[in-house]
Each structure stands twice: as C-alpha cells, then as structure tokens.
Amino acid sequence: MQDGFIKVAAGTPEIRVADCAYNAQACLSLLHQAAAEGVKVLCLPELCLTGYTCGDLFLQEALLQGAEDALRSLLEGSKDLDLLAVVGVPVRYNQKLFNCAAVFCRGALLGLVPKIHLPNYTEFYEGRWFTSGRELRGTDFCIPFARQESVEFSTGLLFRCVNEPLLTIGVEICEDLWVADPPSTRLAQGGATLVLNPSASDETVCKDAYRRTLLEATSGRLVCGYVYADAGWGESSTDLIYAGHSLIAENGTILAERRFATGLTITEIDLQKLAHERQRMTTYPADAPDLYPNYFELERTETRLTRPIAPNPFVPADHGDRAVRCREILTLAALGLKKRLAHTKAKTAVVGLSGGLDSTLALLITARAMELLGRPRSDILAVTMPCFGTTQRTKSNAQVLAEEIGASFREIDIGPAVKLHFQDIGQAMEDLSVTFENGQARERTQVLMDLANKTGGLVIGTGDLSELALGWATYNGDHMSMYAVNAGIPKTLVRHLVAYVADEQRGSAPRLSTVLEDILATPVSPELLPPKEGEIAQKTEDLVGPYELHDFFLYYAVRWGFRPRKVFRLAEYALGEKYDRATRLRWLQNFYRRFFAQQFKRSCLPDGPKVGSVTLSPRGDWRMPSDAAATLWLEEVERLTI
C-alpha cells in the first residue's frame, strides 16, 4: 500500500449451483490464494455462494439458510486474512429477498449492499425473486445476518480504510453498471476511489467487447479504479453460458483481464494517481448526499508491482496504435501552424534546419501545414547556418532534407559574424565556455528573425518539450520563435514521429526516407563545440542525461504530481534493467535541479500547440514561479541515496 498502490483482484470460483457449502470453500480457497499474493481487496461474483442461476430455488428456505451459513463459514475462515472481500449472497429483510454484495474484512461483516437495477427481460427474470434496493435508497440501518447481530444494510454504503485515506470502496452489482445512471456515479462523487462489481453477466458473441468498453468508459468518467468479477462456467448452462470475463480498469485503461477461466485476475490500482486527477479537475464534485461511511483497517505493506508501466510513457507501445497516434500528432501540430500562418498572412515559414531531429520534425510539420493551406512547399524557407561545431554529416542531411521536402533553401555561414561579435565582447576563440556556445545560438536566431522580416514570414520554433523541461535552450536564442510547433512534443516522441514519416515515405520517396533514417542515427547535439576528427564532439545526453529517463521523470513528476521517491520507484520498475540505480539517481537529481532552475525560460515561451497531456506553456497547463525552491524535492532525492 506504499506510494498509493493497492493490489486488487477479481476472482471467479469454480462453483456448483445450489451447493452453498461447496461454494463457500471455493471462495475461501480464492481468498487464501489472494492473501498469499498480497491482494488487499478481492471481488467475487454475484450470488456466487448459491449460484446466480438457481431460479425458483431462491424461494426455498433450505437454499437461503444454506447461503447464510456459507457466508458465516467464509467469515470464520478468513478472519486471519489481511484483505477486504466482496461476495454475492441473497439476503431476506421484511419478507422480501434482496440480491446483495456482502462486504467483509478479517472475519467481520462490514455491510450488505443490495442491487438496485434488476433485469427482468429476455433471459433475465430477477424481478421474479428479488426486490430492488431502490426501496431502501436514502436509508441506513442495521439488520442481523450470518449470526452477526448488527450489519449495515444500505445502497449508500462507502467503505473507508482508516490507515490508507485514499482507499474508499463503493459497490454496485452487475446490471447496476449497465444503466443510464449507475450507482457508481454517486459513490465516486462521494469519494469512492475503487468500485467493486460482483457480476453474473452471460456471454454472447461480441458482448465482451462492449463490456470492456463500458469498464474503460466508466472508470475514466468517474476517475476511479474498477474491479469487475464475473461468474464462470460453474453456473448452469441450461440456456446461457457464463465465461468468467473479469476485468480491472483504472481511469479509462484496462489493466488486467481474464476470460474463459476460473481463478484470480490480479493487478495494482494507483490511488495517488486517481486522487491527483480528481484534485486537478475543478469540475469533479467534492461530495454526494445519502452516503454512509463504514471503516476498516489493513496492514500497510509494500505492494509488489505487476501492472504494466511503459518505459516510454509518451509513446504508444503497440506498433499499429503508434502509427495512428503519430499521424494524429503531426496533424494536430500542423493544424495549429496552419491557423497561425493564415491569421498572420505570413508569406513564408522560416525554419532553421540543423540536420538534427528537432528541426527535422519542425520542417515535416511545416510541410503538412502548407499542404493543409493549399500552398506550395517552396513557401517554406529552410535555412542551415553552419558554424564552429557543424559536421559535414548534419550539414549534408539538412540540405538533402530541404530538397526532398521541396522547401526553398539557403545556407548562411555565421562563423564570420560570430567571430566579429566575439571581438566586440572580448570573447577569446579558445574559451569554449557557455558564452562561446550561446553566441552562436543567438546569432542563428537573429538571422532567422531578420529573414522572416525580410520575406514577410514567421520563424518556426524547433525546441521540444524535453528541452524546455530541462532548460536545454539558449535564452533568446533557440528558446525563442514566432510559433513553436514542437513545444508539446517530448524527445522520445520526436524520434518516433520522424521514424513514422521515414517508414511512410519508404516506397514513394526513398531518398527522403534514407536521409530521415540517417538523422535518426545521428547523436543528439547542439553542435556548438568544434568537432573532433570530423565527428560530433558535444553529445547532449552525455551532458544532461538520457532523454528516455528525463521524459519518464517529466511524465510522472508533472502530469501526475508524484513525489521523487515514487518517480524513482516507477523508473526502477520500468527501466531498472537498462539503467542502474546510481545512473537513475544521478539523472533524477539533475532533472529536478534543472527543472526548477530553468523555469524562467518557460515563463516567456512563444505560442505552440498542445498535442498531449503534458505541456509547459505558461498560459496553459503549467503555472510555476521562476523563484520556486527545489529544496523539498532535492532533499528527498538525496535520501534515496542513503
């Protein structure tokens, strides 16, 4: 339960219809297995102590008493297990029968939650035996059950963990999820971060796809974790088939799934992630009426992670999905630039082309914007400006790229102008300090700005989101432009976008594809220091750290607000085999140090399109004072080294 992770499970026991004692033992076996796996919350199917398909047997005294006895034996057998569980059971109250979820922990029955929406159509006739919990809505009272004198009985129960404040559990049952206004909406509004659904949903062709979509949408809409435990093949096959399609979702994503099998489906829900998202959504309600908290306690232990955590969170893992996403990102960025070019009536789009990844992507986006405007690509002015650190490889690639795109091209050697400037300020050519580097970057920006003035155009920025996070840009140099098309795109995604275009053009424009592939193979560098034996001497990732790590840190530190300890833990889980502990700590410290120190550059960024969930625009997603101290964050990183 540390760092907000809670291990949860959906269980499908192998049951016998109407054999309550047998079913209780099957459930107990899953409880013990779950506890051994470190599960803290387990959901079992609807009416699984009797079987969902008992039909008119639900009116038999023997079955109802057998179910109550079975629950009592389940409570007794689980009193030493450190988990909360939900199991389906029929409950009698005032000569009426209710389809209920029994919620229990350490042998104590915490509450009974009745089902509200009873299907009474086609193959389902629950209304023949059960009464809707709607009759009890807005009430909270206690009844005796399973030999416990006082058990809370209500549709409005919430179960709060006293030693993990972020864990609040709500329960709805099967059909309750499928209706227009499910109970989970009210439960989530009242603070439930985890919704459990004991279900008995029959299986028909393609129903699994709809069920999956429903879970994704519900967990995303409610910003919650959702555990759906489905009845399996042990149910009667008289007219229907039950496939045990159990799912676990979190905020719009299916984390774990199991079908056509009995047993446990296990993963971890990130409660801190859910809490952060609700906190930042000003439209998310703070409370809901007619909900009644009930409290339980679990041991606080470290949760072993098994859930999928992408090493490159900005990049889709699936290759097919990646192509669709890349095409969409390029289109979004191009649409933003299209609007800016049309609004300003710019005659040209001026792009500084270095032969590196970022300027390549900026040119590709600009070319698409021109196509959307119905204008020729020759309206793009691609300018390469070799100086002291430029290699023949990048210079040649810049020229070939411009030719293949169809842009107008100019080469301007800025070396003489920079040398004259150095004379003016007393900068020795032998002094390869930051002044030596930034003088070149600012000269390049001046040339681009003046060319834009001369041609009636706009300077298109090339800096990416990762560079902005680290402040790896020359203030009023490459830091500045008239529209920054890459500002919302991190370096790891830049690489995949360029690779996507290279693949896309392989058949129709092989020379363009070849030059893009060589650009991808070129080390990332600002090329501001003299080459060594004709090769790039200044490799960015040797100086600031691997962009793969920094993009990972950026995603979890900014998008989700995680503290350094948790960011580091996730990095160890996702990237630990690639980077050792010392390397991860070194660059995590560097990330926080640079992120805080370089905010002043982000406070005056030019406009640029947001294409993903993380941006650092001072007018949009990120408002931070330039004078904020990094002490709290750096001290926590320092403690990780002990």
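Let me sum up the structure you'll find in this document. Being a predicted model, the structure only gives us computed values, none of them experimental. Residue numbers here run from 1 along each chain, matching the order of that chain's written sequence. The predicted nature of this model means local features are confined to residues of pLDDT at least 70 and side-chain atom pairs, given and counted, to a pLDDT of 80 or more, with totals for whole chains, interfaces and linings taken over all residues. Hydrogens and waters are ignored; side-chain quantities use all the structure's heavy atoms.

1. Some remarks on the overall build of the protein chain
Stage number 1. Helix and strand content of the protein chain: 20 helices and 22 strands.
Stage number 2. In terms of principal-axis extent, the alpha carbons of the protein chain reach across some 100 × 55 × 40 Å.
Stage number 3. When a residue's accessible area, from a 1.4 Å probe over protein chains only, is under 20% of the maximum for its type it is buried; when over 50% it is exposed; and in between it is partly exposed. In the protein chain, buried positions account for 58% of the 642 residues.
Stage number 4. Pairs at least 24 apart in sequence give 74% of the contacts found in the protein chain among residues at least 6 apart.
Stage number 5. Only the protein chains shown count as cover for residues, and the accessible areas themselves come from Shrake-Rupley with a 1.4 Å probe. For the protein chain, the accessible area works out to roughly 26,100 Å², and carbon and sulfur atoms hold 50% of it.
Stage number 6. For the protein chain, the distance from the average site of its 68 positive side-chain charges to the average site of its 79 negative ones is 4 Å. Numbering goes from the N terminus for both helices and strands, where a helix is a DSSP run of H or I of at least four residues and a strand is a run of E of at least two. Residue contacts follow a heavy-atom distance rule, with two residues in contact if any of their heavy atoms lie within 4.5 Å. Just so you know, the count uses Lys and Arg for positive and Asp and Glu for negative, and it drops His and the chain ends. Lys charges are placed at NZ, Arg charges at CZ, Asp charges at CG and Glu charges at CD.

2. With respect to helix H10 (residues 415-425)
Stage number 1. Looking only at H10, the buried set comprises Gly415, Val418 and Phe422. Projected down its long axis, H10 shows its buried positions confined to an angular sector of 65 degrees, all on one face. When the buried face of H10 is taken as reference, the exposed residues oriented beyond 90 degrees from it are Pro416, Gln423 and Asp424.
Stage number 2. For H10, the secondary structure elements touched by its buried residues are helix H11 (434-455).
Stage number 3. Where H10 terminates, the next one or two residues include Gly426, which has phi positive at roughly 75 degrees. The arc refers to the directions leading from the helix axis to the C-beta atoms.

3. Re the pattern of salt bridges
Stage number 1. What counts as a salt bridge is simple: a side-chain nitrogen of Lys or Arg found within 4 Å of a carboxyl oxygen of Asp or Glu. Evaluated as defined, the whole model comprises 45 salt bridges.
Stage number 2. The shortest N-O distance in the salt bridge between Arg307 and Glu250 comes to 2.8 Å. Of this pair, Arg307 sits in the loop between strand S17 (292-296) and helix H7 (319-344) while Glu250 sits in strand S14 (residues 246-250), placing them 57 residues apart in sequence.
Stage number 3. One network of salt bridges, in which partners are shared, links Glu203, Asp208, Arg211, Arg212, Glu257 and Arg259.

4. Examining the packing of helix H16 (residues 547-559) against helix H17 (residues 564-575)
Stage number 1. Axes here mean lines fitted to C-alpha atoms, for a helix over just the part in contact, with angles spanning 0 to 180 degrees between N-to-C directions. Running from amino to carboxyl end, H16 crosses H17 at an angle of 135 degrees, the nearest separation of the two axes being 10 Å. Here H17 runs oblique to H16, going by the angle between their axes. As for how H16 packs across H17, the hand of that crossing is right-handed. In this structure, H16 contributes Glu548, Leu549, Phe552, Phe553, Tyr556 and Ala557 to the contact, and H17 contributes Val567, Leu570, Ala571, Ala574 and Leu575.
Stage number 2. The residue classification treats Ala, Val, Leu, Ile, Met, Phe, Trp, Tyr, Cys and Pro as nonpolar and Asp, Glu, Lys and Arg as charged. All others, Gly included, are polar. Classifying every residue of the contact of H16 with H17 gives 10 nonpolar, no polar and one charged. Angles below 35 degrees are treated as roughly parallel, those above 145 as roughly antiparallel, those between 65 and 115 as roughly perpendicular, and all remaining angles as oblique. Here a crossing is taken to be left-handed if its near helix is turned anticlockwise relative to the far helix by less than a right angle, and right-handed if that turn runs clockwise.

5. Some points on the environment of Arg584
Stage number 1. Position of Arg584 among the secondary structure elements: in helix H18 (residues 581-597).
Stage number 2. The exposure class of Arg584 is buried, given its relative accessible area of 3%.
Stage number 3. Separated by 238 residues in the primary sequence, Arg584 and Ala346 have C-alpha atoms spaced 45 Å apart.
Stage number 4. The residues touching Arg584, leaving out its near neighbours within four places in the chain, are Leu549, Phe553, Phe568, Ala571, Glu572, Gly576 and Tyr579.

6. A short note on the packing of aromatic side chains
Stage number 1. Only Phe, Tyr and Trp rings take part, Trp by its six-membered ring, and two of them pair if their centres are within 6.5 Å. Stacked means planes under 30 degrees apart, edge-to-face means over 60, and tilted covers everything else. Evaluated as defined, the whole model comprises 22 aromatic pairs.
Stage number 2. Plain terms: the ring middles of Phe58 and Trp129 are 6.0 Å apart, the flat faces sit at 50 degrees to each other, and that makes the pair tilted. One end of the pair, Phe58, is in the loop between strand S2 (41-43) and helix H2 (61-77); the other, Trp129, is in the loop between strand S7 (124-125) and strand S8 (141-145), with 71 residues separating them in the sequence. As far as the burial class goes, Phe58 and Trp129 line up, both buried.
Stage number 3. On the basis of an interplanar angle of 80 degrees and a centroid distance of 5.4 Å, the ring pair of Phe98 and Phe153 is categorised as edge-to-face.

7. So, the pairing of S17
Stage number 1. Burial along S17 is one-sided: Tyr292, Asn294 and Phe296 are buried, and none of Pro293 and Tyr295, which face the opposite way, are.
Stage number 2. Note on pairing: DSSP must find at least two bridges between two strands before they are called paired. Here strand S10 (residues 157-161) pairs with S17 via five bridges, running parallel. If you follow Leu158 over to S17, its bridge partner there is Pro293.

8. Quick word on the sheet that holds strand S20 (residues 408-411)
Stage number 1. Strand order across the open sheet formed by five strands is S20-S19-S18-S21-S22, with parallel pairing between neighbours. Of all strands in the sheet, those with a lone pairing partner are S20 and strand S22 (483-484), marking the two edges.
Stage number 2. Here four bridges tie strand S18 (residues 348-352) to strand S19 (residues 380-384), and the two strands are oriented parallel to one another. Directly across from Val350, in S19, lies its bridge partner Leu381.
Stage number 3. Where H7 meets the sheet, its contacts fall on S18, strand S21 (457-461) and S22, and the angle it forms with S21 comes to roughly 160 degrees.
Stage number 4. Packing of helix H8 (residues 357-373) onto the sheet brings it into contact with S18, S19 and S21, and relative to S18 it is tilted by some 165 degrees.

9. Here's the deal with helix H13 (residues 491-504)
Stage number 1. A rise of 1.5 Å per residue sets the reference length of H13, with its 14 residues, at 20 Å; its end C-alpha atoms lie 20 Å apart and thus fit the reference within 8%.
Stage number 2. The inward-facing, buried residues of H13 contact H7, H8, helix H12 (465-470), helix H14 (510-521) and H16. One fewer than the residue count of a helix, multiplied by 1.5 Å, yields its expected span.

10. Side note on the sheet that holds strand S3 (residues 84-93)
Stage number 1. Strand order in the open sheet formed by eight strands is S8-S9-S5-S4-S3-S2-S1-S16, with mixed pairing between adjacent strands. Strand pairing shows two members of the sheet lacking a second neighbour, S8 and strand S16 (263-270), which therefore form its edges. Put simply, the sheet's adjacent strands are angled 35 degrees from each other on average, direction ignored.

11. Notes on the pairing of S10
Stage number 1. The buried count for S10 comes to four of five residues, which makes it a mostly enclosed element.
Stage number 2. The pairing of S10 with strand S11 (residues 168-171) spans two bridges and is classified as antiparallel. Residue Arg160 lies in a different strand from S11, and its bridge partner there is Thr168.
Stage number 3. Connecting S10 to the antiparallel partner S11 that follows it, the hairpin turn spans six residues.

12. Examining the side chain of Thr155
Stage number 1. With respect to the secondary-structure elements, Thr155 resides in the loop between strand S9 (148-153) and S10.
Stage number 2. Other than its neighbours up to four places away in sequence, Thr155 contacts Val113, Pro114, Ile116, Gly133, Arg137, Arg186 and Leu187.

13. Quick notes on the nonpolar core
Stage number 1. Judged by nonpolar contacts, the single largest core of 91 residues is most densely connected at Leu401, Ile489, Phe553, Leu554, Tyr556 and Phe595.
Stage number 2. In contact with Leu401, other than residues within four places in its own chain, are Leu353, Thr360, Leu363, Leu512, Val515, Leu516 and Ile519.
Stage number 3. Counting residues in hydrophobic clusters, the runner-up holds 50 residues, among them Leu44, Val91, Val151 and Leu264. For this analysis, a nonpolar core means a set of buried residues of the types Ala, Val, Leu, Ile, Met, Phe, Trp, Tyr and Cys, connected via side-chain atoms within 4.5 Å.

14. Description of unusual backbone geometry
Stage number 1. Even without glycine at this site, Arg106 takes up a positive phi of about 50 degrees.
Stage number 2. Note on placement: Arg106 falls in the loop between strand S4 (96-105) and strand S5 (108-114).
Stage number 3. Backbone geometry places Asn251, a non-glycine residue, at a positive phi of 45 degrees.
Stage number 4. As for its placement among the helices and strands, Asn251 is situated in the loop between S14 and strand S15 (253-258).
Stage number 5. Judged by relative accessible area, which is 23%, Asn251 ranks as partly exposed.

These figures capture arrangement, not role.
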